[in-house]
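Commentary on secondary and tertiary structure
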Amino acid sequence: MVNLEEGKEYEFFVEKIISLPDDNYFILKDEWNRKYLLPQKYYTYYSIKVGSKIFCYVNKINCNGKIFLEPHHPIYKINDNDYFTLLMIEQRIKQKTKELYYVILAENSKVKRAAVLNYTKTDIQNMPITCLCKVVKIKKAEILLEVI
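Only a predicted model underlies this, so the values are computations on that prediction, with no experimental measurement involved.

This brings us to the side chain of Asp-30. Within the secondary structure layout, Asp-30 lies in the loop between strand S2 (23-29) and strand S3 (35-39). Using a relative accessible area of 4% as the deciding quantity, one classes Asp-30 as buried. Within the local environment of Asp-30, its side chain forms a polar contact with the side chain of Tyr-36, the two groups lying 2.8 Å apart. Those residues in contact with Asp-30 that lie beyond four places of it in its chain are Leu-4, Glu-11, Phe-12 and Tyr-36.

Structure (structure tokens):
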């Protein structure tokens, strides 16, 4: 039996959808018959179907051994470049440390959920502004960008 590794991708079988008090989840099964929960709410436009196989990246394995999976995005891959319209700054709170941080919300004709992580003052002076961006990560179906 192989342990899943952070940063690698694996194929999963979509076994079923279950409802838990906090949300609905896809039950994914790996090739070694281990099961994983994937929150359904983030992936509504991904066309994930019960009975199908999907590929997921292991985005993170935390210190408790919880595995965070990210299905292949239907449009973008890491390192893809495309034009996005930078809309506005949003304040967010890190789950674990409760630390505040800021992102610039972005979108284009293909996706509505994107955010620029590292930006400069020149990126934000004339918002909305369209910029060429690089996809650096995809997390909970949100495209995380860097302005090129």
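Continuing now.
Quantified by volume, the largest pocket comes out at close to 1300 Å³. As for the largest pocket, its lining consists of 33 residues, and the residues nearest its centre are Lys-60, Phe-68, Gln-95, Lys-139 and Lys-140. Sorting the residues of the lining of the largest pocket by element identifies S2, S3, strand S4 (53-61), strand S5 (67-71), strand S6 (81-93), strand S7 (100-107), strand S9 (129-139) and strand S10 (142-147) as the ones contributing at least two each. The biggest single contributor to the lining of the largest pocket is S5, with four residues. Here the residues of the lining of the largest pocket sort into 15 nonpolar, four polar and 14 charged. The volume enclosed by the second largest pocket comes to roughly 180 Å³. Residue lining of the second largest pocket: 14 residues in total, with Tyr-57, Asn-59, Glu-70, Ile-78 and Ile-138 positioned closest to the centre. Mapped by element, the contributors of at least two residues to the lining of the second largest pocket are S4, S5 and S9. With three residues, S4 is the largest single contributor of residues to the lining of the second largest pocket.

Procedures and definitions
- Residues numbered from 1 in each chain as written.
- Predicted model: local features only at pLDDT ≥ 70, side-chain atom pairs only at ≥ 80, totals over all residues.
- Heavy atoms only, no water.
- Helix = DSSP H or I, 4+ residues; strand = E, 2+ residues; numbered from the N terminus.
- Buried < 20%, exposed > 50% of the residue type's maximum accessible area, 1.4 Å probe, protein only.
- Polar contact = N/O pair within 3.5 Å; in protein donor to acceptor, adjacent residues only side chain to side chain.
- Contact = heavy atoms within 4.5 Å.
- 1 Å grid on protein atoms, 1.4 Å probe; cavity = no way out; pocket = protein on both sides within 12 Å on 5 of 7 lines; lining within 4 Å.
- Points joined across faces, edges and corners; volume = space filled by probe spheres on them.
- Nonpolar A, V, L, I, M, F, W, Y, C, P; charged D, E, K, R; others polar.

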